[in-house]
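Letter by letter, the chains look like this.
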Amino acid sequence: MARPRSEEARQAALSTTVDLLVEAGVEGVTLEEVATRSGVARSTLYRHFGSREGLIFEAARSCVVEHPTPDSGSLADDLREVFTRFSESTGERRLTELLPLLIDAAKRDPELDALVDEVLAERKRPLRTILQLAQLRDEISRDLDLDIAMAIVIGPFTYRRLVEGREATPEFTEAILQGAIAALRSTACAVPAPSAASG
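Calculation criteria
- Residues numbered from 1 in each chain as written.
- Predicted model: local features only at pLDDT ≥ 70, side-chain atom pairs only at ≥ 80, totals over all residues.
- Heavy atoms only, no water.
- Phe/Tyr/Trp six-rings, centres within 6.5 Å; stacked < 30°, edge-to-face > 60°.
- Helix = DSSP H or I, 4+ residues; strand = E, 2+ residues; numbered from the N terminus.
- Buried < 20%, exposed > 50% of the residue type's maximum accessible area, 1.4 Å probe, protein only.
- Lys NZ or Arg CZ within 6 Å of the ring centre and 35° of its normal.
- Core = buried A, V, L, I, M, F, W, Y, C linked by side-chain atoms within 4.5 Å.
- Contact = heavy atoms within 4.5 Å.
- Expected span 1.5 Å × (residues − 1).
- Bend = angle between axes of the 7 residues up to and from the residue.
- pLDDT = per-residue confidence, 0-100.
- Polar contact = N/O pair within 3.5 Å; in protein donor to acceptor, adjacent residues only side chain to side chain.
- Axes fitted to C-alpha atoms, helices over the stretch in contact; angles between N-to-C directions.
- Left-handed = near helix turned anticlockwise from the far one by under 90°.
- Patch = residues over 30% accessible without salt bridge, like charges linked within 9 Å, V, L, I, M, F, W, Y side chains within 5 Å.
- Areas by Shrake-Rupley, 256 points an atom, 1.4 Å probe, with all protein chains shown as cover.
- Salt bridge = Lys/Arg side-chain N within 4 Å of Asp/Glu carboxyl O.

### Concerning the packing of aromatic side chains
Two aromatic rings are characterised by how far apart their centres lie and by the angle between their planes. Per the counting criterion, the structure on display carries two aromatic pairs. With a centroid separation of 4.9 Å and 25 degrees between ring planes, the pair formed by Phe83 and Phe157 is classed as stacked. Residue Phe83 is located in helix α5 (residues 75–88), and its partner Phe157 is located in helix α8 (residues 146–163); the two are separated by 74 residues in the primary sequence. Neither Phe83 nor Phe157 differs from the other in exposure class; each is buried. The class for Phe157 is buried, based on a relative accessible area of 14%. Of the aromatic side chains, those joined through ring pairs into one cluster are Phe83, Phe157 and Phe172. Its end group placed over the ring of Phe172, Arg160 keeps NZ or CZ at 4.1 Å from the ring centre.

### Thoughts on helix α4 (residues 52–61)
Among the ten residues in α4, eight count as buried, and that is most of the element. For α4, the full list of buried residues reads Glu53, Gly54, Leu55, Ile56, Phe57, Glu58, Ala59 and Ala60.

### A few points about the nonpolar core
Within the largest apolar cluster, 31 residues are counted, with the highest numbers of intra-cluster contacts made by Leu45 and Leu102. Looking at this core, the elements that each hand over two or more residues are α1 (4–24), α2 (31–38), α3 (42–49), α4, α6 (90–106) and α7 (110–136). With sequence-adjacent residues up to four places away left out, Leu102 is seen in contact with Leu21, Val26, Ile56, Ala60, Leu112 and Val116.

### As for α7
Between the first and last C-alpha of α7 there are 37 Å, a value that for 27 residues agrees with the 39 Å anticipated at 1.5 Å per step. A maximum bend of about 45 degrees is found in α7 at Lys124, where proline Pro126 lies one to four positions downstream. In the segment just after α7, Asp138 is the residue with positive phi, at about 65 degrees.

### Considerations on the confidence of the model for the chain
Per-chain confidence: the chain averages 85 in pLDDT, with 92% of residues scoring 70 or above. Averaged over each element, pLDDT in the chain is lowest for α6 (79) and highest for helix α9 (residues 170–186) (95). Taken together, the stretch residues 191–199 has pLDDT below 50 and engages in zero contacts with residues farther than four places along the chain or on a different chain.

### A word on the side chain of Thr16
Among the structural elements, Thr16 can be located in helix α1. Classification of Thr16 as buried rests on a relative accessible area of 12%. Side-chain polar atoms of Thr16 contact the backbone oxygen of Ala12, separated by 2.8 Å. Other than its neighbours up to four places away in sequence, Thr16 contacts Val34, Arg37 and Ser38.

### Concerning the packing of α7 against α8
Where α7 contacts α8, the two axes come as close as 10 Å, and the packing angle between them is 115 degrees. Relative to α8, the crossing made by α7 is right-handed. Every residue of α8 that contacts α7 at Lys124, Leu127, Arg128, Leu131, Gln132 and Gln135 is listed here: Leu146, Asp147, Ala149, Met150, Val153 and Ile154.

### Comments concerning unusual backbone geometry
One non-glycine residue, Asp138, adopts positive backbone phi at about 65 degrees. Along the polypeptide, Asp138 turns up in the loop between α7 and α8. Judged by its relative accessible area of 45%, Asp138 falls in the partly exposed class.

### Re a nonpolar patch on the surface
Taken together, the side chains of Ile103, Tyr159, Leu162 and Val163 make up a nonpolar region of the molecular surface, amounting to roughly 370 Å² of accessible area. In terms of residue count, α8 provides more of the nonpolar patch than any other element does, three residues in total.

Structure below.
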């Protein structure tokens with residue numbers, strides 16, 4: 001277990017890095033600047049994080065709040081609980097701000113790209129589990145590809161943030177969730193169209 005002093009330095013570095021990312025983007029984050037602003041020595045930053053990329057990754061991951069995955073028995077209730085957490089958690093809101101910056105920078109940095117993939121996978125884990133549970137309850141088709149199912153839910157929020165540059169208001173979130181839930185549930189009772197030969 002890290003000594004309190006060491007943990008305080010680590011948290012100060014992470015908080016400073018998050019602030020820098022929001023303020024100046026990925027390119028604005030340097031170990032020198034983080035050390036200056038946080039008061040944490042560069043040698044300590046190297047010891048805790050290993051590299052600039054490692055520091056950025058840990059800063060982004062520090063915004064991911066781990067909650068128990070809801071399992072109410074209802075796809076609609078579980079999705080609404082997860083998205084309520086996203087909107088109410090300060091860390092999750094900061095991560096929503098950071099992700100467009102990180103995704104853009106990852107296009108030019110293979111190491112950062114791998115780190116971003118890991119952060120995204122961690123953030124999407126509760127949603128994937130919710131959809132898997134809905135499949136087991138036959139609320140949605142067991143044949144539905146989970147990546148497609150997640151795209152149905154997440155896609156509009158990504159468009160809202162990355163393309164339109166706007167926040168997802170509670171009204172927007174509820175409208176999207178209603179549409180996504182209806183679309184996903186419709187897969188459970190979808191009947192294949194008869195082939196021409198059967199006619």
